[in-house]
Structure formats: C-alpha cells, structure tokens
Amino acid sequence: MQDDERDILGVMDSMDTAVSPLLSLQDLRKSYGAIEAARGVSFDIFPNEVVAMVGDNGAGKSTIVKMLSGVVKPDGGQLFWQGKPFHPSGPDAVRDAGIETMFQDLALVNDVDAPGNLFMGQEPMKRWLGFLPILDRKKMRLETERLLDQIKIKLQSVDRPVRLMSGGQRQAIAIARILLSAKAQLMIMDEPTAALGIQEQAKVLNVIRNLHAQGLSILVISHNLEHVFSIANRIVVVQGGRIAASVATDEVSQQDVVQLIMGGRLQ
C-alpha cells in the first residue's frame, strides 16, 4: 500500500495486533466494463467483532458483499480466511468455510412455515413403520424453537406460514436458518433493519447483540448510523469503491462518520 493510500484510511484500527484477523481483504478489485466498483479494497474482520460497513449509495458496498459471499469473483486482490489464502469457487464454498450471508430479500418461501424454511433442502427424515421415510416434523419444530430461543426470539407459533409473520420475525427466521449451520463463524448482514418499524428494528439489533455475545463475528451493512453506533465495535467507510476509513466506534461521532462518507477527513 502506498503512503497516499494510507492517508486515505484516516484513523486506523484499534484492534490488538497480536490477534490474527478472521477474514482479511487485501487490494480487492472489481470492474463492470469501465465502472470500477471496487478499487483496492483492504480491511480486516477480527474474531468476535461487529464491523459496520457504511457509505453512500453506489459507494461499492454491494460489490464488496457479493465478493465476500462468493456471488462474484474479484478481478484482482486476495482474500485470507483464518490466515490462509481463500479462493472460493462460489457461495457454497464460502458457506462451507463458515461465512454466511443474509441478503435483504431473506430468500424465505412465504407459504412455508418456520421449520420448513430453516430445514429446506436438508430436512431430517425418520422411518414410519420401520421402513417408510417421512419428514421428522417434531425434530424440525424443536430445533427451530431452540435456535429462536438462542437469539431470544419468541413466536406465537412456528407452524404459521412466514407470510403471516412480521418483518422482524422473518429476519429472525433467516438468522436462525444460518445458525442451523454449526460452521458459521462470520455472518454478513445486508441492511438487516431496512423497511422495519421501530420496535422490529430494536428486536433485530438485540439479535445482533446476542449473536455477538455468543462469539460470532458480524459484518453489518447499514445506512442507519444510530443503529451502527449501538452495535458496532468498528466502522468501515466505503467511498468511491475504496475504503475511506476504518475507525473504532468509540473514537468518533456520527458527524465524523457523515463527514467521511461525504469524502472529508477527520480533523
């Protein structure tokens, strides 16, 4: 990294340098024709850390998330996962490594209940009359309730179609589906509180806090700075396809972050 690029970063991470990053992005680049969506993106995510990624529309946040989730391949640069070079072939390889992504659309099937959505494609089976394979609905229901209890979410019934549930409840089901994978070490959440009411937003923020308390690392993409300051240990600011700054949340104000998003620098 050149000296002028270091200047762009502004305030550097306050993480203990003795702790190795869980995920490290080094000089990631991605172009779509003449448009450079990501231009030398470099930052780290450490174990048991909540990092918030912020930036204006078109800053490059979505491209970064797609590269991290295996949806698109970088044109250049390097990913390191747990200290080793990481070259995922696609989303399945990323999930197998322990990185889970929750996109805004949640990818839930509206007419299916919570257990059906959690276990879709990996439904547990049991034998009826000793030989006929059938769905183990009891196991699915109990595991769904256990996972929702783990993130401290209570549903009146897990057997209702998710289309009848609130936005916050649907978010919780999507998160529980991710937790069903015992491999999950890093969760990427794209605008998890978007289009939710105030009470529902508070529930989702509490879920993120609970996940952090259980040892997960989380990358949250958000436009809501009030939410960012309530959950994040560190804030990564994206501006024009580059990382404009990586700052400890307790060392800056919301106005500082707004200034960075708009292309300014910290005083």
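Basis of the calculations
- Residue numbers restart at each chain and count upward from 1, following the sequence in its written direction.
- Predicted model: local features are reported for residues with pLDDT of at least 70 only, side-chain atom pairs are reported and counted for 80 or more only, and whole-chain, interface and lining totals are derived from all residues.
- Calculated side-chain values reflect all of the structure's heavy atoms, with hydrogen atoms and water omitted.
- Fitted lines through C-alpha atoms serve as axes, helices being fitted only where they are in contact, and the angles separating the N-to-C directions of these axes extend from 0 to 180 degrees.
- Note on conventions: DSSP H or I runs of at least 4 residues are helices, E runs of at least 2 residues are strands, and numbering of each starts at the N terminus.
- If an angle is under 35 degrees, it is roughly parallel; if it is over 145, roughly antiparallel; if it lies from 65 to 115, roughly perpendicular; otherwise it is oblique.
- Handedness of a crossing is defined here by the sense of rotation of the near helix relative to the far one, left-handed for an anticlockwise turn of less than a right angle and right-handed for a clockwise turn.
- Every residue pair with non-hydrogen atoms within 4.5 Å of one another is taken to be in contact.
- In this count, Pro and Cys sit with the nonpolar residues alongside Ala, Val, Leu, Ile, Met, Phe, Trp and Tyr, while Asp, Glu, Lys and Arg are called charged and the others, Gly among them, polar.
- Only protein chains enter the accessibility calculation, which uses a 1.4 Å probe; a residue whose area is less than 20% of its type maximum is buried, one above 50% is exposed, and one in between is partly exposed.
- Relevant arc is that of directions from the helix axis to the C-beta atoms, nothing else.
- By the convention used here, strands pair only if DSSP detects at least 2 bridges between them.
- Paired rings are identified among Phe, Tyr and Trp, the last through its six-membered ring, by centres lying within 6.5 Å, and are further divided according to the angle between planes into stacked (under 30 degrees), edge-to-face (over 60) and tilted (the rest).
- Our definition puts a charge over a ring when NZ of Lys or CZ of Arg is within 6 Å of the ring centre and also within 35 degrees of the ring normal.
- Salt bridges are defined as contacts in which a side-chain nitrogen from Lys or Arg sits within 4 Å of a carboxyl oxygen from Asp or Glu.

Trainee: In this structure, what is going on with the packing of helix H6 (residues 167-179) against helix H7 (residues 198-213)? I would like to understand it.
Mentor: A pair of packed helices is characterised by two quantities: the angle between their axes and the separation of those axes. Following both chains from N to C, one finds H6 and H7 inclined at 20°, their axes separated by 8 Å at the closest point. Judged by the angle between their axes, H6 and H7 are roughly parallel. Considering only the axes of H6 and H7, their crossing is right-handed. Touching Gly167, Gly168, Gln169, Gln171, Ile175 and Leu179 of H6 are Glu200, Val204, Val207 and Leu211, all from H7. Here the residues of the contact of H6 with H7 are counted per class, giving five nonpolar, four polar and one charged.

Trainee: Can you walk me through helix H9 (residues 254-261) in this structure?
Mentor: Each α-helix turn comprises 3.6 residues. Residues three or four places apart therefore point the same way. Listed in full, the buried residues belonging to H9 are Val257, Leu260 and Ile261. Buried residues in H9, looked at end-on, bunch into an arc of 100°, giving them a common side. Where H9 is buried, its residues contact strand E3 (50-54), helix H8 (225-231), strand E11 (234-239) and strand E12 (242-248). Positive phi shows up at Gly263, right after H9, with a value of about 100°.

Trainee: Whenever I open this one, the sheet that holds E12 confuses me. Can you help?
Mentor: Pairing between the strands of a sheet is mediated by backbone hydrogen bonds and can be parallel or antiparallel. Strands sit in the order E6-E9-E10-E3-E11-E12 across an open sheet of six strands; the sheet is mixed. Each edge of the open sheet carries a strand with a single partner, namely strand E6 (99-102) and E12. Ignoring strand direction, the axes of neighbouring strands in this sheet form an average angle of 20°. Relative to strand E9 (residues 186-190), E6 runs parallel, the two sharing four bridges.

Trainee: Can you help me understand the environment of Lys84 in this one?
Mentor: In this structure, Lys84 sits in strand E5 (residues 84-86). It is 9.4 Å that separates the C-alpha atoms of Lys84 and Ser24, two residues lying 60 residues apart in sequence.

Trainee: Help me understand the packing of aromatic side chains, please; the structure alone is not making it clear to me.
Mentor: What characterises a pair of aromatic rings is the spacing of the ring centres plus the angle enclosed by the ring planes. The final tally for this structure, using the stated rule, is zero aromatic pairs. Here the basic side chain of Lys30 rests over the ring of Tyr32, its NZ or CZ set 5.5 Å away from the ring centre.

Trainee: What exactly am I supposed to notice about the pattern of salt bridges here?
Mentor: Pairing between side chains of opposite charge can happen when their charged atoms approach one another. On inspection of all chains with the given rule, the structure shows ten salt bridges. Residues Asp159 and Arg141 are paired through a salt bridge, measuring 3.2 Å at the closest nitrogen-oxygen approach. Residue Asp159 is located in the loop between helix H5 (137-150) and H6, and its partner Arg141 is located in helix H5; the two are separated by 18 residues in the primary sequence. For Asp159, a relative accessible area of 38% gives the class partly exposed. The residue Lys203 makes a salt bridge to Glu200 at a minimum N-O spacing of 3.5 Å. Separated by three residues within a single helix, Lys203 and Glu200 lie in helix H7, roughly one turn from each other. Given the relative accessible area of 15%, Glu200 is considered buried.

Trainee: Looking at this model, I keep getting lost on helix H2 (residues 61-68). Mind explaining?
Mentor: The buried fraction of H2 amounts to six of the eight residues, a majority that puts the element mostly inside the structure. Burial in H2 covers these residues: Lys61, Thr63, Ile64, Val65, Met67 and Leu68. In the segment just after H2, Gly70 is the residue with positive phi, at about 85°.

Trainee: For this particular structure, what's the right way to read the side chain of Glu191?
Mentor: Looking at the element boundaries, Glu191 is found in the loop between E9 and H7. Setting aside residues no more than four positions away along its own chain, Glu191 makes contact with Gln104, Gln171, Ile221, Ser222 and His223.

Trainee: Sorry if this is basic, but what is going on with unusual backbone geometry here?
Mentor: Trans is the common state for peptide bonds, and a negative phi is the common state for residues other than glycine. Non-glycine residue Asn48 carries a positive phi angle of around 55°. Relative to the helices and strands, Asn48 is located in the loop between strand E2 (35-45) and E3. When its relative accessible area of 38% is taken as the criterion, Asn48 is described as partly exposed.

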